[in-house]
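Architecture at a glance
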Amino acid sequence: TGDGYQAKKSKILTKSEIDRFLSSVDDKEFLMIKVGLILGIAGACRTEELVNLTVDDIKDVGSSLIVKIPNTDKDSTNLCGYRCGKYA
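Residues numbered from 1 in each chain as written. Predicted model: local features only at pLDDT ≥ 70, side-chain atom pairs only at ≥ 80, totals over all residues. Heavy atoms only, no water.

The protein goes by Tyr recombinase domain-containing protein in an unreviewed UniProt entry, where it is assigned to Molorchus minor.

1. A few points about the nonpolar core
One recurring pattern in soluble globular proteins is that nonpolar side chains are buried together. What counts, and what does not: We define the nonpolar core as a collection of buried residues of types Ala, Val, Leu, Ile, Met, Phe, Trp, Tyr and Cys that are connected through side-chain atoms lying within 4.5 Å of one another. Throughout, exposure labels follow a simple rule: accessible area from a 1.4 Å probe, protein chains only, divided by the maximum for the residue type, with under 20% read as buried, over 50% as exposed, and the rest as partly exposed. Contacts are assigned to residue pairs that have any heavy atoms within 4.5 Å of one another.
Of all hydrophobic cores here, the largest spans five residues; its members are Leu39, Cys45, Leu53, Val67 and Ile69. Among residues more than four places away in sequence, those in contact with Cys45 are Leu39, Gly40, Leu50 and Ile69.

2. Points about the packing of aromatic side chains
Going by this rule: A pair of aromatic rings is counted whenever rings of Phe, Tyr or Trp (Trp by its six-membered ring) have centres within 6.5 Å, and the orientation is called stacked for planes under 30 degrees apart, edge-to-face for over 60 and tilted otherwise.
Scanning the model with the defined rule gives one aromatic pair in all. Seen in terms of ring centroids, Phe21 and Phe30 are 6.1 Å apart; in terms of plane orientation they differ by 75°. Their pairing is edge-to-face. Exposure remark for Phe30: the relative accessible area of 26% places this residue in the partly exposed category.

3. A word on the side chain of Lys34
The test is simple: Only DSSP runs of H or I with at least four residues qualify as helices, and only runs of E with at least two residues qualify as strands; both kinds are numbered from the N terminus onward.
The topology assignment puts Lys34 in helix H2 (residues 27-42). Taking relative accessible area as the criterion, Lys34 reaches 7% and is therefore assigned buried. Excluding residues that lie within four positions of it along the chain, Lys34 makes contacts with Phe21, Leu22, Val25 and Asp27.

Okay, here's the thing in structure tokens:
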């Protein structure tokens with residue numbers, strides 16, 4: 001490491017903070033943030049992978065969603081399945 005370099009510590013939410021956010025904030029105002037949070041955690045996504053998602057990457061198959069997440073680390077795509085209902 002270079003002189004004067006200080007590693008940056010990421011801020012992390014606890015499970016109880018995530019649960020509180022998902023259950024207490026209004027869907028009308030925060031639905032997109034809630035969906036992004038659930039997709040990001042369940043899919044172990046990088047920020048760039050979430051930002052690059054489009055509607056075409058999401059397929060509704062009845063009681064579940066199939067989400068194609070383009071992998072920014074290599075030239076591949078990850079598939080994630082989400083059951084509708086309460087988040088895991």
